[in-house]
Number of protein chains: 2
Amino acid sequence: MMRFINYKNTSLFTDLYELTMAQVYFEKGIGKTAVFNFFIRPTNKRNYFLFSGLEFLIDYLLNLRFTKEDIEFLRSTGKFKEDFLKYLENFRFTGNLYSVDEGQIVFADEPIVQVEAPILQAQIIETFLVNTLQISILVGTKALRCYSVAKDKMLIEFGMRRAHGVDAGIIAARSSYIGGFAGTSNVVAGKMFGIPIYGTMAHSFVMAHEKEEEAFWNFASVYPENTIFLIDTYDTVEGVKNAIKVAKKKGVKIKGVRIDSGDLLTLSRKVREILDANGFRDSIIFASGGINEYKIKELVENNAPIDGFGVGTELVTSADLPYLDCAYKLVEYDGKPKMKLGYKKITMPYKKQLFRIFKNGKILKDVISHFDDVVENGVKMLKLYIKDGELIENTPSLQEIRQKALTNFKTLPDIFKSLTQHKTLSPEISQRLSKSTEELESLLKAL
Amino acid sequence: MMRFINYKNTSLFTDLYELTMAQVYFEKGIGKTAVFNFFIRPTNKRNYFLFSGLEFLIDYLLNLRFTKEDIEFLRSTGKFKEDFLKYLENFRFTGNLYSVDEGQIVFADEPIVQVEAPILQAQIIETFLVNTLQISILVGTKALRCYSVAKDKMLIEFGMRRAHGVDAGIIAARSSYIGGFAGTSNVVAGKMFGIPIYGTMAHSFVMAHEKEEEAFWNFASVYPENTIFLIDTYDTVEGVKNAIKVAKKKGVKIKGVRIDSGDLLTLSRKVREILDANGFRDSIIFASGGINEYKIKELVENNAPIDGFGVGTELVTSADLPYLDCAYKLVEYDGKPKMKLGYKKITMPYKKQLFRIFKNGKILKDVISHFDDVVENGVKMLKLYIKDGELIENTPSLQEIRQKALTNFKTLPDIFKSLTQHKTLSPEISQRLSKSTEELESLLKAL
C-alpha cells in the first residue's frame, strides 16, 4: 500500500515521449536552443482569459530535479540507456522563461508564455507547463466572469470537494481569488497563500441535532459574533425564524443566513423581509448551490437581496468549458523559424513579443511581433522572468496579483465582457511577422 | 516564494466549516456515532458508473494527522480555542469505512461508501472523501464508456497535460487503467502504480529537424524496435511514405504510425493501404487528437483500420460531464435515522446495505436495505474495509481491480451500455426501508 501521494518530486510528472525524445536529442547531440510558445486556441465560450499559474511554473522550473529513485524507475522500464540516465542526474533547467504577468487579461492566439532553452529541456517541461497553466487560467477566467456581473456582492470559492483532485482544489482557490473572489472555504489554500477563509455550517450539522433551533444555538454560542445560519435543511422560512428565535432569546448576533437550495430570488426576498421585520437589517443573506456567472447575473439584475454568493462546482470545474484548447508549440530551433502545417492547426513561427496598445485607458489592440521588433506605443507584455535558469524578476504577492487583475480588468472594453455574446479581440500580427510567416509557409509547402 | 506544493499533509485539505463545526461538536460534547452515505445523484448523461478511488480514501483515513504546523495555522486564524487545538494534536480516524469494491459497477442513488464514526471525525473527512471519489469515478466511468465501444482496440490514456492539475493527471491514469485502458503516457503514474507506460513522438520533435525523414531516422535509430512514427506534422500521406523510406533504407522496424489530426477514417484507410502495399502489414495505426467514446464508436463501426487510440483531454476532464452531482449525507446519528427534506434534495435515512441480485450472470436488480436486513440471493456490495480505524480488508492490486472491473462490466445488461440512450437501473428500496423512511418523513414534516 502506497503512502499518500507526494508531489514534491515532479520530474516524472511528464509524458513518456518527452523523455524518449529527450534521449534521442541527447544521443544524437541535438542540443541547440529551441523556442516554444504557449497559447490558447479560440473558443466561442470565452471572450478573454485571465492569466494565472505562473508562480507554480516558476517553482517547478527552479526545482526540477531527477532523484535517484526517479532514475531507478526509468532504468527499470528498459527504455533508457545508462549515459542518458547519468545525464539526468545533473539535469537542471538552464533556459529562459518569458511570461505575461499573472493577473493579466489575454486573448486567444497570443503567445502568453515563451520558453527558450536547449531543446531537450524545453521539451521535458511541456507536460507540467501545459497542465498547471491550463487549470489556473480556466478557473481564474471563470472567476472573473462571475466577478464581472456580481457588482458589489461578495464571492467565495466553495468548490474544493468537486475540484478534480487536491491540486485542482488548491489552484482553484488561488485563481479565483486572483479573479476577484474575496476568499475560499479551502483551509489549506488559506495556509499556503494567505487567502481569507470562510465557512458557515452544513446540513448534517443541523440534522445531527433533534431540533434546528438547538443546532443554531449550539453553533452561535461557540461563534456568537460570526455565525451564518444555514436555514434550508427542512424549510427555509421556518429556518430563518429559528435563527431569529435563537438570536432574540439569547442575544446572539445573526451575522447572516445561508440559503443553499430552492428558488433563490423568491426565498431571498422572503427571508430579507422576515429579517428586516425582526430588526436584523444588518444580517446578510448568502446564497449557494449550483451558482455560476449566469445565475449571479440573473439574481443581481432582479435585485435579489443577496449579499454574497458561494460559488463551487461550476467554478472549479469550469463546467461550461472544462478544458482549454491550449498548446505549447515549437516556433524556433537553432535560430530558424519552425511551423506545423497539419490540418487546421497551423502554428505561427518565430520567437515573439506581444504588445498591448491602450487608448483612453482601454485596450485598443494587441500586436504580435518578432521578438526584437518595436511597436509604437505598445506595452511589452512578455517579461523575462527566468534567465539562464535563475529567477530575475520578482514575483508579486498574491494580493498584488489580485489588485493588478482587477485593475487590468478595467482596461477591458465593455463589448468583450458579455457572458453570452462572442466578441473578442483578435491580436494583430505585425507586418514583418506576417510577411516572414507567409514566406516560411510557402517554403515548407514547396518541400 | 513557496516550495512546490507538498500534499503529504492533507489534514487542512478541508472546508473551513468542517473544522468550525468540529469545534462546536467538541465544545458541546456532541460525540456520538454518525453514519454518512456517499452517493451519486441521477444524471441523464451516464447509465452506470465505475467505482474507483477507494485506495486514496483509505490511505487518507489511515494517515490523517494534524501536524504542529497545521495547528499553528489554525491558531493564527483566531477561529479556534486552545482545548480544541490540543484535541486535534492527537486526532485519529477511529471509525468504520464500508465501501463497494473498486472496479464495481454502480448506479445513481446507491450508497457506495458508508462512514460510521464519531460525528466530528465523520464530518472532517467529508471534503477529501468527496473530492477524491468524484474525480476517480468520473474518469473511470468515462474510460469504461470508451472501452465499451472500442472492441479489441488498444486504448492509451494521453490526457495528463489537460488534466486539472497534477493530482487529477495521476488519478486519471489510474482510473482509466481500471476502466479498461491498456496504459498511460503518464510516467509518474507508471512509477506509482505499475501502469504500463507508452509514448510516441511529438510534432516538435519532427519540426526540430530539417526534414521529417531525418527526424524519423534519428528516433528509429535509438528505438529500432519500438518506434511509432508521428506522420501528420506536415502531410499525413507524405509522412507515412517518409516512415517507409526510413524503414526500407535502414532496415528499421515500423512498429506503427500515429495520426493526430484530420479525418481519421479517410486518413487511416490511405495510410493502411500504403503500409500494406509496402509490406508493412504488421505495423499498427494509432490515432489521437480529440478522441472520445463517441468518435471511437463511429470509427470502429466504420471499420477504420485503426489499432489503437490515444484518448486525452475529453477523458481526463470527463468533458461531457465534468462533475458528478454526488453527495455525502448524514443518515443516522446516535442510532436515530436522519434525513434532509430541503427542496428537491431529500436524502434517504438509516445505515444501509446494498445488495445485488444476478440472473444468468447479469445484474437483475440492486436493492437498498437497512444495514442488518437480509435480501434473498442478494450479494452484499458494501464491505467493511476499515474497522475502528484499522484496515481489515486487503486492498487488491491495481491489476486485480482492473480484471474485476472488466469482469463486472460483463454482468451489466446490454441495454444499459448505450452511449446516447438514457436507460439505467434504479435501485429498489427494500420494503422495510421504504416504510421506515416514509414514517420518518411524516414525522419530520409534522414537527
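The rules we used
- Residues numbered from 1 in each chain as written.
- Chains lettered and ligands numbered in written order.
- Predicted model: local features only at pLDDT ≥ 70, side-chain atom pairs only at ≥ 80, totals over all residues.
- Core = buried A, V, L, I, M, F, W, Y, C linked by C-beta atoms within 7 Å.
- Buried ≥ 20, exposed ≤ 12 C-beta atoms within 10 Å, placed from the backbone.
- Contact = placed C-beta atoms within 7 Å.
- Helix = DSSP H or I, 4+ residues; strand = E, 2+ residues; numbered from the N terminus.
- Least-squares fit on C-alpha atoms with pLDDT ≥ 70 in both.
- Axes fitted to C-alpha atoms, helices over the stretch in contact; angles between N-to-C directions.
- Parallel < 35°, antiparallel > 145°, perpendicular 65-115°, else oblique.
- Nonpolar A, V, L, I, M, F, W, Y, C, P; charged D, E, K, R; others polar.
- Pairing = 2+ DSSP bridges.
- Domains from an automatic or database assignment.
- Left-handed = near helix turned anticlockwise from the far one by under 90°.
- Right-handed = clockwise from strand over helix to strand, strands pointing away.
- Expected span 1.5 Å × (residues − 1).
- pLDDT = per-residue confidence, 0-100.

Peer 1: Sorry if this is basic, but what is going on with the nonpolar core here?
Peer 2: As a rule of thumb, soluble globular proteins bury nonpolar side chains together. Core analysis: the biggest nonpolar cluster contains 286 residues, and A34(A), A243(A), V257(A), A34(B), A243(B) and V257(B) have the highest contact counts within it. What A34(A) contacts, discounting residues up to four positions off in sequence, is A117(A), I119(A), A122(A), L330(A), E332(A), Y333(A) and A208(B).

Peer 1: Please clarify how the interface of chain A and chain B should be interpreted in this entry.
Peer 2: The figure often quoted for interface size is the accessible area lost as the parts come together. With 90 residues of chain A at the contact, the number on the chain B side is 90 residues. Sorting elements by how many residues they give to the side of chain A that touches chain B places helix α1 (residues 16-28) of chain A first, with nine residues.

Peer 1: Just checking my understanding: could you explain the relation of the copies chain A and chain B for this structure?
Peer 2: The second copy of the chain is related to the first by a rotation about an axis and a shift along the axis. Superposing chain A onto chain B takes a rotation of 180° plus a shift of 0.0 Å along the axis, which leaves an RMSD of 0.0 Å. What the rotation and shift describe, once combined, is the action of a two-fold rotation axis. Both copies share a contact surface, since 100% of the interface residues of chain A are interface residues in chain B too.

Peer 1: I'm lost on the packing of α1(A) against helix α10 (residues 212-222) of chain B in this one. Help?
Peer 2: Here α1(A) crosses α10(B) at 95°, and the two axes come no closer than 9 Å. For the element pair α1(A) / α10(B), the angle class is roughly perpendicular. Note on element contacts: α10(B) touches α1(A) through N218(B), F219(B) and V222(B), opposite Q23(A), V24(A), E27(A) and K28(A). When its residues are assigned to classes, the contact of α1(A) with α10(B) shows three nonpolar, two polar and two charged.

Peer 1: Explain the sheet that holds strand β1 (residues 33-40) of chain B to me, please; I cannot follow it from the model alone.
Peer 2: Sheets are built from strands paired through backbone hydrogen bonds, the pairs being either parallel or antiparallel. All names here are of chain B. An order of β13-β12-β1-β5-β3-β17-β18 is seen for the seven strands of this open sheet, with the pairing classed as antiparallel. Since the sheet does not close on itself, it has two edges, and those belong to β13 (336-337) and β18 (390-391), each with one partner. Across three bridges, the pairing between strand β3 (residues 96-99) and strand β17 (residues 383-387) is antiparallel. Note that in β17 the partner of L97 across the bridge is I386.

Peer 1: How should I be thinking about the sheet that holds strand β3 (residues 96-99) of chain A in this particular structure?
Peer 2: All names here are of chain A. Spatial strand order, β13-β12-β1-β5-β3-β17-β18: seven strands in an open sheet with antiparallel pairing. The open sheet has two edge strands with one neighbour each: β13 (336-337) and β18 (390-391). Inspection of the sheet shows β3 paired to strand β5 (residues 113-118) by four bridges, in the antiparallel sense. Counted as the bridge partner of S99 is V113 from β5.

Peer 1: Explain the domain arrangement of chain A to me, please; I cannot follow it from the model alone.
Peer 2: When its domains are assigned, chain A resolves into domain 1 (16-138 + 330-446) and domain 2 (200-285). Spacing between the C-alpha centres of domain 1 of chain A and domain 2 of chain A amounts to 49 Å.

Peer 1: So what exactly am I meant to see when it comes to the packing of helix α6 (residues 126-149) of chain A against helix α7 (residues 165-178) of chain A here?
Peer 2: Helix-helix packing is described using two parameters, namely the angle between the two axes and the distance between the axes. All names here are of chain A. Between α6 and α7, the shortest axis-to-axis distance is 8 Å and the interhelical angle comes to 45°. What the angle tells us is that α6 and α7 run oblique. Like other packed secondary-structure pairs, α6 and α7 cross with a definite hand, here right-handed. For the pair formed by α6 and α7, the contact residues are I135, S136, V139, G140 and A143 on the first element and A168, I171, A172, S175, S176 and I178 on the second. Each residue belonging to the contact of α6 with α7 can be placed in one class, and the counts come to seven nonpolar, four polar and no charged.

Peer 1: Hey, could you run me through the pairing of strand β6 (residues 154-157) of chain B in this one?
Peer 2: Residue and element names in this part refer to chain B. Pairing geometry for β6 and strand β11 (residues 308-311), over four bridges, is parallel. When the bridges of β11 are listed, I156 appears paired with G310. In this sheet, strand β7 (residues 183-184) lies alongside β6 in parallel orientation, the contact comprising two bridges. Within β7, the position partnered with E157 by the bridge is T184. In this view, the connection linking β6 to its parallel neighbour β7 by way of helix α7 (residues 165-178) has right-handed handedness.

Peer 1: I tried to follow α7(A) on my own but got confused; where do I start?
Peer 2: Residue pairs spaced three or four apart in an α-helix point in one direction, given the helix's 3.6 residues per turn. Residue and element names in this part refer to chain A. In a regular helix each residue adds 1.5 Å, so 14 residues correspond to 20 Å; α7 covers 20 Å between its end C-alpha atoms and thus fits that length. With 14 of its 14 residues buried, α7 lies for the most part within the structure. G180, located one to two residues past α7, shows a positive phi value of around 105°.

Peer 1: Even after reading the chapter, I still don't get the confidence of the model for chain A, so can you show me in this structure?
Peer 2: Should pLDDT be low for a region, the predicted coordinates there are not to be read in detail. Residue and element names in this part refer to chain A. Across chain A, pLDDT averages 94, with 97% of residues at or above 70. Here residues 1-6 is a poorly scored stretch, pLDDT under 50, and it has 14 contacts once near neighbours within four places are set aside; other chains count. Model confidence for the complex is summarised by a pTM of 0.96, with the ipTM given as 0.96.

Peer 1: Looking at this model, I keep getting lost on unusual backbone geometry. Mind explaining?
Peer 2: Glycine aside, a negative phi is what most residues show, and trans is what most peptide bonds show. In this structure, K151(A) takes a positive phi of about 50° despite not being glycine. Relative to the helices and strands, K151(A) is located in the loop between α6 and β6 (154-157). In this structure, Y350(B) takes a positive phi of about 85° despite not being glycine. Relative to the assigned elements, Y350(B) resides in the loop between β13 and β14 (352-359). The buried category is assigned to Y350(B), around which 23 C-beta atoms lie within 10 Å.

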